[in-house]
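If you want the building blocks of each chain, they are given just below.
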Amino acid sequence: MTSINNPKRFTPLLMALSVVFGILIGTFYANHFSGNRLNIISTSSNKLNNLLRIVDDEYVDTVNVNSLVEKAMPLILAELDPHSVYISANDVQAANDDLKGSFSGVGIEFNIWQDTLHVQNVINNGPAERAGVLAGDKIVSVNGKPFVGKMVTNEEAMHRLKGPRDTKVKLGVKRYGEKKIKYITVTRGDVPTKSINATYMLDDNTGYIKIKNFGENTYPEMLIALATLSQEDFGNLVIDLRGNVGGYLASAVQIANEFLPEKRLIVYTQGRKSPRKEYRSDGHGSYQNIPLVVLIDETSASAAEILAGAIQDNDRGTIIGRRSFGKGLVQQPIAFNDGSMVRLTIARYYTPSGRCIQKPYTSGTDKNYEEDLIARYEHGEYFYQDSIKHKGPAYHTTLGRTVYGGGGITPDIFIPEDTLGFTSYYKAASMTGLIVQYAYNYTDNNRAKLKKYDSMELLSDYLRRQNMVENFARFAERNGLKRRNLMIRKSHSLLERYINSRVIYGMLDDEAFIEYLNQDDPAITASLKLFKARKAFPQKERTAANNTSKRRHATASARTKKSTAH
């Protein structure tokens, strides 16, 4: 039997009282001698969470913490690199639409002029076309509410016209030649977004494919394009990546695979938490031996550079144009529960020779990075090949040709930007949007007449006879651009080309627009010249020693022949 006088029975109670007393003493000293610091684990994540909680609990005014987070996220990611970005829930769909292959909407292309939305093109077999919307219509109301004036912005138009599949939107349309507003109800549906916007023959033997970006459907679209050209018995191919800002790495790899022999390295990725991952050709490509040219320019980026780099480093074809953008960072999309997402850089990609073509940047907002293309223009890189500054180390292709990392893909054949006929008048006419607006007005006012010309060749021939430059100059002067007769004469060809191309685009389609511009394109001319000379496949570089040896051999041969002749 245990004695009630046993002192050990009070030990647990004394320990508990000691712990409580210690906590009270510690709290007292923390509050009075430590500046009221929070007793938390000093990690960055806890700091951020606690900062937001403190602001929410203690700040003098009411704060929308969610809005604060939305503003802070982009700033945090901007401290990492130029391509890690935060996308709000409202913007995620728009950010993905171009690469997904389709989006839900009405299916029109529009521009905004004088605070009014003008329908420039109606997508073939899309919801708007099925409902009866025509190119040239002006949309003045949406769902019974006026849509004119300062409220008409690109963002607001997209917000009102896009929507879930099978939902309806009622458009109030002002049509040319009709006094009353016409009301058309469009049932929203899937609107295809094509990655390949031109496929045609440049001449009897040369096919041409223009890839706008690398999305989910780019590879199947490419196979269809190649099959279309095969029906024309093409023997050479030009792939145009100019203006292509990239997209999905997988699509670029699939297309490269069509042109490379078995087991050729296409690209590899590697990062701090991402082990090296290689992408190689499987040898099943159907076009491994066709002469190939790839066109690039300063806006070709990311996946476009993967394809160009794979072709160049494997000596599979010739790269023509100007140095590409220089984006060699791989982003992984990471979604949040509220529908927003981040695209976080997790690796760098490397071309087969081992070069990373990412151009230099510093952490945080880098003004020099953002203005790199302007800097290239100002120091003459667009006009003179010698102005290209290689900041990265030298690498070598399979044949030993020298290529450089650290700032884009440098083409094998340089094509300067054409400045012939460029004047301040032409710059003002194009930069202010006056050329586009004149072309739209002309198209709208002459739509019935222009419909008779159903091909690029017929329509361009007709437009050349219409004195378009003079008519534009009058229109521009009425809209604030002072007439400069000497400059207009000097820029006549450029003005005519720009105006006519926009009319062709408005009346026909993307392909006709591209085909028209390609008629006198220097890169296309250089490509055809290369095919004609049978030099599309790169040749091994001649070293100084090899050249000396060949010269000695040639001299010895000449002496032998001379001796034999005697």
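Above this text you will find the structure in question.
Residues numbered from 1 in each chain as written. Predicted model: local features only at pLDDT ≥ 70, side-chain atom pairs only at ≥ 80, totals over all residues. Heavy atoms only, no water.

Colleague: Provide a residue-level description of the overall build of the protein, including the pertinent values.
Modeller: Each helix and strand in the protein was counted, giving 21 helices and 21 strands. Across the 566 residues in the protein, those meeting the buried criterion constitute 43%. Contacts in the protein between residues at least 24 apart in sequence constitute 68% of all its contacts with a sequence separation of at least 6. When the accessible surface of the protein is totalled, it reaches about 32000 Å², and 53% of it is carbon and sulfur. (Helix = DSSP H or I, 4+ residues; strand = E, 2+ residues; numbered from the N terminus. Buried < 20%, exposed > 50% of the residue type's maximum accessible area, 1.4 Å probe, protein only. Contact = heavy atoms within 4.5 Å. Areas by Shrake-Rupley, 256 points an atom, 1.4 Å probe, with all protein chains shown as cover.)

Colleague: Give a description of the side chain of Asn518 that names residues and reports values.
Modeller: Relative to the helices and strands, Asn518 is located in helix α19 (residues 510–518). Accessibility expressed as a relative area gives 7% for Asn518, which makes it buried. In this view, Asn518 contacts Tyr200, Tyr208, Arg242 and Ile524; residues no more than four positions away in its chain are not counted.

Colleague: Mind laying out the pattern of salt bridges, listing which residues take part and the relevant values?
Modeller: Summed over the entire model, instances satisfying the criterion amount to 25 salt bridges. Measuring nitrogen to oxygen at the nearest pair gives 2.6 Å for the salt bridge that ties Asp313 to Arg355. Remark: Arg355 occurs in the loop between β18 (341–350) and α10 (367–370) and Asp313 occurs in helix α9 (residues 303–313); sequence separation between them is 42 residues. Look at Asp313 and you get buried, because its relative accessible area is 2%. One salt bridge in this structure joins Asp520 and Arg497, with 3.1 Å as the shortest N-O distance. Placement of Asp520 in the loop between α19 and α20 (522–532) and of Arg497 in helix α18 (residues 492–507) is noted, with a sequence separation of 23 residues between them. Overall, the relative accessible area of 26% leaves Arg497 in the partly exposed class. The network of salt bridges with shared partners includes Arg323, Lys359, Asp372, Arg376 and Glu381. (Salt bridge = Lys/Arg side-chain N within 4 Å of Asp/Glu carboxyl O.)

Colleague: Residues and numbers for the environment of Lys212, please.
Modeller: Position of Lys212 relative to the elements: it lies in the loop between β11 (206–211) and α7 (218–230). In this structure the C-alpha to C-alpha distance between Lys212 and Ser300, which are 88 residues apart in sequence, comes to 9.8 Å. Setting aside chain neighbours within four positions, we find Lys212 in contact with Lys194, Ser195, Asn197, Gly243, Asn244 and Val245. A polar contact is formed between the side chain of Lys212 and the backbone oxygen of Lys194, at a distance of 3.3 Å. (Polar contact = N/O pair within 3.5 Å; in protein donor to acceptor, adjacent residues only side chain to side chain.)

Colleague: An account of the packing of helix α16 (residues 468–478) against α18 is requested, with residue identities and associated values reported.
Modeller: Viewed as axis vectors pointing N to C, α16 and α18 meet at an angle of 90°, and their least axial separation amounts to 9 Å. Classified by the interaxial angle, the pair formed by α16 and α18 is roughly perpendicular. Taken together, the residues of α18 that come into contact with α16 (itself represented by Met468, Val469 and Phe472) are His492, Leu495, Glu496, Ile499, Asn500 and Val503. Classifying every residue of the contact of α16 with α18 gives 6 nonpolar, 2 polar and 1 charged. (Axes fitted to C-alpha atoms, helices over the stretch in contact; angles between N-to-C directions. Parallel < 35°, antiparallel > 145°, perpendicular 65-115°, else oblique. Nonpolar A, V, L, I, M, F, W, Y, C, P; charged D, E, K, R; others polar.)

Colleague: Could you give an account of the nonpolar core, with specific residues and numbers?
Modeller: In terms of nonpolar packing, the biggest core is built from 41 residues, with Leu237 and Phe259 touching the most fellow members. Residue contacts for Phe259: discarding those within four places in its chain leaves Met222, Leu226, Leu237, Ile239, Tyr287, Gln288, Ile290, Leu292, Ile311 and Arg316. Judged by nonpolar contacts, the second largest core, of 31 residues, contains Ala473, Ile488, Leu494 and Tyr516. (Core = buried A, V, L, I, M, F, W, Y, C linked by side-chain atoms within 4.5 Å.)

Colleague: If you had to explain the sheet that holds strand β15 (residues 292–296) to someone new, which residues and values would you point to?
Modeller: Strand pairing in a sheet relies on backbone hydrogen bonds. The paired strands run either parallel or antiparallel. Reading across from one edge, β10-β11-β12-β15-β16-β21 is the order of the 6 strands in this open sheet, with mixed pairing throughout. At either end of the open sheet lies a strand with only one pairing partner, and these are β10 (196–201) and β21 (413–414). Strand direction decides the pairing type here: strand β12 (residues 236–240) and β15, joined by 4 bridges, are parallel. When the bridges of β15 are listed, Asp240 appears paired with Leu295. Of the strands in this sheet, β15 and β16 (318–321) touch α9, which is tilted by about 140° from β15. (Pairing = 2+ DSSP bridges.)

Colleague: Break down helix α8 (residues 249–257) for me, citing the residues and quoting the values.
Modeller: Since the α-helix packs 3.6 residues into each turn, any two residues three or four apart lie on the same face. Among the 9 residues in α8, 7 count as buried, and that is most of the element. Among the residues of α8, Leu249, Ser251, Ala252, Val253, Ile255, Ala256 and Asn257 are the ones counted as buried. At its buried positions, α8 is contacted by β11, α7, β13 (265–270), β14 (277–280) and α9.

Colleague: Outline the packing of aromatic side chains, listing residues and values.
Modeller: Evaluation of the coordinates by the stated rule reveals 16 aromatic pairs. Judged by centre distance (5.7 Å) and plane angle (70°), the ring pair of Tyr377 and Tyr382 falls under edge-to-face. Ring pairing ties together the aromatic residues Tyr438, Tyr442, Phe472 and Phe475, which thus form one cluster. The ring of Tyr268 carries the charged tip of Arg276 above its face, separated from the ring centre by 3.6 Å. Above the plane of the ring of Phe325 lies Lys359, whose end atom (NZ or CZ) is 3.6 Å from the centre. (Phe/Tyr/Trp six-rings, centres within 6.5 Å; stacked < 30°, edge-to-face > 60°. Lys NZ or Arg CZ within 6 Å of the ring centre and 35° of its normal.)

Colleague: Could you give me a rundown of the packing of α18 against α19, with the residues and numbers involved?
Modeller: As a packed pair, α18 and α19 sit with axes 8 Å apart at the nearest point and diverge in direction by 160°. Judged by the inter-axis angle, α18 sits roughly antiparallel to α19. Between α18 and α19 lies a crossing of right-handed hand. For the pair formed by α18 and α19, the contact residues are Glu496, Arg497, Asn500, Ser501, Arg502, Ile504 and Tyr505 on the first element and Asp510, Ala512, Phe513, Tyr516 and Leu517 on the second. Split into classes, the residues belonging to the contact of α18 with α19 amount to 6 nonpolar, 2 polar and 4 charged. (Left-handed = near helix turned anticlockwise from the far one by under 90°.)

Colleague: Requested: an account of unusual backbone geometry, with residues and values cited.
Modeller: Residues other than glycine seldom take positive phi values, yet Asn125 does so here, at roughly 60°. Inspection of the secondary structure assignment puts Asn125 in the loop between β4 (116–122) and α5 (127–131). Although it is not a glycine, Lys263 adopts a positive phi angle of roughly 65°. Mapping Lys263 onto the fold places it in the loop between α8 and β13. By relative accessible area, Lys263 is classed as exposed at 62%.

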